[in-house]
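Descriptive analysis of the structure
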Amino acid sequence: MNKTKKLYEGKAKIVYETENKNFLVVEYKDDATAFNGEKKGKIKGKGVINNKVTNHLMQILEKENISTHFVEEISERETVVKNVKIIPLEVIIRNISAGSFSKRYGVKEGIVFDNPTIEFSYKDDNLGDPLINEYHALALNVASKDEIDKIKSIAFKINDILKSYFKKLDVDLVDFKLEFGKTLEGEIILADEISPDTCRFWDSKTHKKLDKDRFRQDLGDVEGAYFEMMNRIIKN
Ligand code: UDP
């Protein structure tokens, strides 16, 4: 599959059209941003790691009957994916308190929830991806009621699969962000990425953070943490 034209360049990825309208090529960059683009940097090798990690996890989910946009990895940084219309919602699942949850509700990090939570942000950089509820999403015509219900049930199923998968790697899946897309046939499938950029991973024993919080919070050893996660993932 050959790239024909650059379609879109985001903060961490570039998306290209191909000769076939059903497929796109995604290229993962080393660029890192945080706090809605206010903090910028590079994490050496991140693009290669996130490409590999995302594809590995998408294939695990496919085996568990979750439909994803993954088609084929074509180079260290590039993957062919199905062409979907991204639903402008960031779907966030949390198992343990951290990040904006702790800040918003004034609670410490590390509280293990009895049940996972779900929340939606409206994907709009100019607005800073504001938190919205399902009624707002319906009012904004972002998705239908059925589509939102479907997204919620797939997201919780993904959480069950990934939580137990990471447990075996001695990693606690703290929280993560998913994005869904609609195929040309109207099917809702998992899109975007699942990587240390979009998940919080804590080592189960040492509680060391193995994700983008090392970059956000200047904790050091950012590359090492991404590399450690990749190594644990590709072996399993
Ligand atoms: N997240 C993401 N992209 C975003 C916002 C959040 O991938 O634009 C991920 C983030 O890495 C974390 C989870 O979603 O794993 C929950 O993030 P949170 O709401 O705590 O926001 P943050 O603290 O990252 O601002």
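Report follows, based on the coordinates. What you are looking at is a predicted structure, and each value in this text was computed from that prediction instead of being measured.

**Examining the site of the ligand**
Arg94, Ser100, Asp175, Arg200 and Arg216 are the nearest of the 14 residues found near the ligand. Between the ligand and the protein, one listed contact pairs an oxygen atom with a side-chain N or O atom of Asp175 at 2.7 Å. Arg200 places a polar side-chain atom, nitrogen or oxygen, 2.8 Å from an oxygen atom of the ligand. Coverage of the ligand by the protein amounts to 78% of the 500 Å² it exposes when considered alone.

**Some points on helix α4 (residues 145–168)**
Compared with the 34 Å implied by 1.5 Å per residue over 24 residues, the 35 Å span of α4 between its first and last C-alpha is a close match. Residues of α4 that are buried: Glu147, Ile148, Ile151, Ile154, Ala155, Ile158, Asn159, Ile161, Leu162, Tyr165 and Phe166. Asp170 lies just past α4 and shows a positive phi near 60°.

**Topic: helix α6 (residues 222–234)**
Compared with an ideal rise of 1.5 Å per residue, which puts 13 residues at 18 Å, α6 spans 19 Å between its outermost C-alpha atoms and is within 8% of the ideal. Buried residues of α6: Val222, Ala225, Tyr226, Met229, Met230, Arg232 and Ile233, and no others. What you see down the axis of α6 is that its buried residues fit within an arc of 165°, all on one side. Looking at the packing, one finds that the buried side of α6 touches α1 (46–63), α4, β12 (171–182), β14 (199–203) and α5 (213–216).

**Side note on the packing of α1 against α4**
Orientation of α1 relative to α4, taken along the N-to-C sense of each, is 115°, at an axis distance of 11 Å. Our pair here, α1 against α4, has a crossing hand that is right-handed. Counted together, His56, Leu57, Ile60 and Leu61 of α1 and Ile158, Ile161, Leu162, Tyr165 and Phe166 of α4 form the full contact between these two elements.

Analysis parameters
Residues numbered from 1 in each chain as written. Predicted model: local features only at pLDDT ≥ 70, side-chain atom pairs only at ≥ 80, totals over all residues. Heavy atoms only, no water. Near = heavy atom within 4 Å. Polar contact = N/O pair within 3.5 Å; in protein donor to acceptor, adjacent residues only side chain to side chain. Areas by Shrake-Rupley, 256 points an atom, 1.4 Å probe, with all protein chains shown as cover. Helix = DSSP H or I, 4+ residues; strand = E, 2+ residues; numbered from the N terminus. Expected span 1.5 Å × (residues − 1). Buried < 20%, exposed > 50% of the residue type's maximum accessible area, 1.4 Å probe, protein only. Arc of directions from axis to C-beta. Contact = heavy atoms within 4.5 Å. Axes fitted to C-alpha atoms, helices over the stretch in contact; angles between N-to-C directions. Left-handed = near helix turned anticlockwise from the far one by under 90°.

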